[in-house]
Amino acid sequence: MRIILASNNKNKLREFREILGDDGFEIISQSEAGLDLDVEETGTTFAENAFLKADAACRASGEIAISDDSGLEVDALGGEPGVYSARYGGGSLTDHEKCLLVLDKLKDHEDRSARFVSAISCVFPNGDVVRAEGECRGVIADAPRGDNGFGYDPIFYVEEYGRTMGELTADEKNSISHRGKALLNFEEELKKYLARGDK
Ligand code: IMP
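It should be emphasised that the depicted structure is a prediction, and the values quoted were computed from it without experimental measurement.

What counts, and at which threshold
- Residues numbered from 1 in each chain as written.
- Predicted model: local features only at pLDDT ≥ 70, side-chain atom pairs only at ≥ 80, totals over all residues.
- Heavy atoms only, no water.
- Disulfide = S-S within 2.5 Å.
- Pairing = 2+ DSSP bridges.
- Helix = DSSP H or I, 4+ residues; strand = E, 2+ residues; numbered from the N terminus.
- Right-handed = clockwise from strand over helix to strand, strands pointing away.
- Near = heavy atom within 4 Å.
- Polar contact = N/O pair within 3.5 Å; in protein donor to acceptor, adjacent residues only side chain to side chain.
- 1 Å grid on protein atoms, 1.4 Å probe; cavity = no way out; pocket = protein on both sides within 12 Å on 5 of 7 lines; lining within 4 Å.
- Sits in = over half its atoms within 2 Å of the grid points.
- Nonpolar A, V, L, I, M, F, W, Y, C, P; charged D, E, K, R; others polar.

### Quick notes on the state of the cysteines
Counted by the stated rule, this structure contains zero disulfides. Here Cys 58 is not disulfide-linked; the sulfur of Cys 122 is the nearest cysteine sulfur, at 8.3 Å.

This is the structure in structure tokens:
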């Protein structure tokens, strides 16, 4: 079954393929599908934004489309950067600068707990939607460490491994990450949906 991932983010594409590829789902990026979409993320939740992106790709292609909207929520910052994770600090900052901004905002806070959240939405041409979510709890480190992954990975310390996500291998990250968990939940929901056979 071919599913269009409503994103051109190479890291996300790799993670989706690593988890769903084993089940015979062929995940292709929106550019591979010939789509040039830039959907405004106007939702106030990760789930709403995931739906907006998948729905636009499904409508434009007439094919099944899937999307993930994800981000970092820092408890002491009232859930910031949240749905603004990608645009934190105004939209012109590099990933490294966004990490430094979070560290700066947290410098007078003792509570450094945080979570990564991922919401997945898969939209079918008949209008059906299959959704799933996943989270990964951690602590914001004192300084960025590690070159793996992307985004806020270098400042997200995972107690289970005693390392930041930027220091984890792709397999280690997939086994505990918000997107890894959301994808596993999604895989189950998708199988249940397909087994119902009422499409
Ligand atoms: P999205 O592409 O709209 O889902 O934006 C997600 C943003 O949240 C990314 O640009 C990153 O800044 C951050 N983010 C989401 N998932 C991860 C992750 O696995 N590691 C690090 N940062 C992430």
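### Topic: the pairing of strand β2 (residues 26–29)
In this sheet, β2 lies alongside strand β1 (residues 2–5) in parallel orientation, the contact comprising four bridges. Residue pairing in the sheet places Arg 2 in a bridge with Glu 26 of β2. Crossover handedness for the path β1 to helix α1 (residues 10–20) to β2: right-handed.

### As for the site of the ligand
Lining the immediate environment of the ligand, one finds 17 residues, of which Lys 12, Ser 70, Asp 153, Lys 173 and Arg 179 sit closest. Within the side chain of His 178, a nitrogen or oxygen atom sits 3.2 Å from a nitrogen atom of the ligand. Contact between the ligand and Arg 179: a nitrogen atom at 2.7 Å from a side-chain N or O atom of the residue. The site holding the ligand turns out to be the largest pocket. Of all the secondary structure elements, the ones that give two or more residues to the shell around the ligand are β3 (65–74) and α5 (178–196). When residues of the shell around the ligand are assigned to their parent elements, the largest contribution, four residues, is made by β3. Residues that form the shell around the ligand fall into these classes: four nonpolar, five polar and eight charged.

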